[in-house]
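# Descriptive structure summary
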Amino acid sequence: MALLPLALLLIAMAGAYPFLPDPLPVHWDGAGEADRLVEKSPIPLLAYAATAAGPVAVVLGIGLLNPAKIRINGVRDPQGLAEADSERYLVMKGRFIRHVSYRLAFWVGLLVAVAPIGLLLGAGTWWVLACMVLIVPVLVTAFRATGRMNTWIREEFDPSAHGARGTASR
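Residues numbered from 1 in each chain as written. Predicted model: local features only at pLDDT ≥ 70, side-chain atom pairs only at ≥ 80, totals over all residues. Heavy atoms only, no water.

### A short note on the packing of aromatic side chains
This structure, assessed with the given rule, holds one aromatic pair. Taking the centre distance of 5.5 Å and the plane angle of 80° together, the rings of Phe106 and Trp107 count as edge-to-face. Classification of Trp107 by relative accessible area gives partly exposed; the value is 24%. Lying across the ring of Tyr17, Lys40 places its NZ or CZ 4.8 Å from the centre. (Phe/Tyr/Trp six-rings, centres within 6.5 Å; stacked < 30°, edge-to-face > 60°. Buried < 20%, exposed > 50% of the residue type's maximum accessible area, 1.4 Å probe, protein only. Lys NZ or Arg CZ within 6 Å of the ring centre and 35° of its normal.)

Rendered as structure tokens:
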């Protein structure tokens, strides 16, 4: 699911390729005039696809990091847990990090996949603003998820929290 926007981008590029002009504009000046043209080939399109895949790969790579070495939103991992509780905590934290990285990868992929549509449409400022709106779900996803993780840490592992279910308070 996280790679769906990039897959759709590649499909759209393959479908649009026969209709692209020759020479192919690859850079525009501030007035929107093409100031760099190249011979029509799939290389510029593949270069953009690779550039778009870069941020998605970075976000997905975050999900593969060791959960014991990552601090989430500045929250320290609970200290003094029994080995079983510590292992359970790290497993849940790893799942959380992977889940958030997949969701963020989807939104980042969507952002980089739809950004060039504005160039094809010659849309200008309103399209840039529409793409900027796509950043909002990325930020909301990240902040809501870290808030849930912090709440879960407090409820599950903080013995001083009221109504804590954690094994540290048992």
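More follows now that the structure is in view.
### Notes on a nonpolar patch on the surface
A cluster of nonpolar side chains, Met1, Leu4, Leu8 and Ile11, forms an exposed patch at the surface whose accessible area comes to about 460 Å². For Leu8, the location among the structural elements is in helix 1 (residues 4-16). (Patch = residues over 30% accessible without salt bridge, like charges linked within 9 Å, V, L, I, M, F, W, Y side chains within 5 Å. Areas by Shrake-Rupley, 256 points an atom, 1.4 Å probe, with all protein chains shown as cover. Salt bridge = Lys/Arg side-chain N within 4 Å of Asp/Glu carboxyl O. Helix = DSSP H or I, 4+ residues; strand = E, 2+ residues; numbered from the N terminus.)

### Focus on the pairing of strand 2 (residues 34-38)
Two strands pair when backbone bridges link them, and strand 1 (residues 24-28) and strand 2 are joined in this way by four bridges, in the antiparallel orientation. In the strand pairing of strand 2, Leu24 is matched with Val38. Taken together, strand 1 and the strand that follows it, strand 2, pair antiparallel across an intervening segment of five residues, in which Gly32 is found at a positive phi of about 85°. (Pairing = 2+ DSSP bridges.)

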